[in-house]
Amino acid sequence: MPPGQYLTPDFPVLSAGPTPQTPLDQWSFSLDGGIDEARRWTWDEFVDLPAETFTVDIHCVTRWSKLDTVWTGVSVDTLLDGVETSSDYVTAWCDGGYTANVPLAGLTGGRAWVVYEYGGEPLEREHGGPARLLVPHLYFWKSAKWVRGLTLTAEDEPGFWERYGYSNDADPWREQRYWGD
Ligand SMILES: Nc1nc2c(c(=O)[nH]1)N[C@H]1C(S)=C(S)[C@@H](COP(=O)(O)O)O[C@H]1N2
Ligand SMILES: [Mo]
């Protein structure tokens, strides 16, 4: 366990605003910004992409952790396959306006996914369904719920919680909770 965390058997819901309701026929996922050609998938196209089911631990900055959670989704490596970019940063953006920033290097190498199933069931809306970003090696606020796209940027742009004083880097093993940790 990372320092300062405790285990919870529950799955708490933490949302900074109302839960958006985007019908699947109006849902799409976009990859844009500093790339040679922007990409966009409809829901049907997205769930046809090669998917992975994997087991990871998650760590919220409010100190709860959950071990061995099982998710299914598409790795960011798969989404970026063949993309040319000189951008080093990514902003994940969401229905409802939430954003989270992560260095591109923190989303590749099999360490981040856009997931649409939890425990073999469709991801519940309150937990980010139809799809959320999952970056389990960082505090859970980086795992943007209701994610609709990744925008690659040349400069690092603080996201929703980062602008409110949370850490830009958010490594739970280094206990990077707040700006300056
Ligand atoms: N779009 C969006 N994503 C979000 C949030 C949010 O408020 N809106 N909260 C973040 C925070 S602080 C946490 S701890 C996790 C909570 O995910 P959960 O509700 O599935 O536990 O989602 C993260 N992703
Ligand atoms: Mo959180």
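For the structure, check the block above.
Residues numbered from 1 in each chain as written. Chains lettered and ligands numbered in written order. Predicted model: local features only at pLDDT ≥ 70, side-chain atom pairs only at ≥ 80, totals over all residues. Heavy atoms only, no water.

### Things to note about the side chain of Lys 142
- Within the element layout of this structure, Lys 142 appears in the loop between strand E10 (132-134) and strand E11 (147-153).
- Accessibility expressed as a relative area gives 1% for Lys 142, which makes it buried.
- A polar contact is formed between the side chain of Lys 142 and the backbone oxygen of Asn 101, at a distance of 2.7 Å.
- A polar contact of 2.7 Å, which involves the side chain of Lys 142, links it to the side chain of Glu 162.
- Each residue touching Lys 142, except ones within four places of it in the same chain, is listed here: Ala 100, Asn 101, Val 102, Leu 133, Val 135, Glu 162, Ser 167, Asn 168, Asp 169 and Ala 170. (Helix = DSSP H or I, 4+ residues; strand = E, 2+ residues; numbered from the N terminus. Buried < 20%, exposed > 50% of the residue type's maximum accessible area, 1.4 Å probe, protein only. Polar contact = N/O pair within 3.5 Å; in protein donor to acceptor, adjacent residues only side chain to side chain. Contact = heavy atoms within 4.5 Å.)

### Quick look at the site of ligand 1
- Taken together, 20 residues are adjacent to ligand 1, and Pro 12, Ala 16, His 127, Arg 132 and Lys 145 come closest.
- One of the backbone N or O atoms of Leu 14 is found 2.9 Å from an oxygen atom in ligand 1.
- Here an oxygen atom of ligand 1 sits 2.6 Å away from a polar atom, N or O, in the main chain of Ala 16.
- If ligand 1 stood free it would expose 530 Å²; the protein chains cover 96% of that surface.
- Here the residues of the shell around ligand 1 sort into 14 nonpolar, three polar and three charged. (Near = heavy atom within 4 Å. Areas by Shrake-Rupley, 256 points an atom, 1.4 Å probe, with all protein chains shown as cover. Nonpolar A, V, L, I, M, F, W, Y, C, P; charged D, E, K, R; others polar.)

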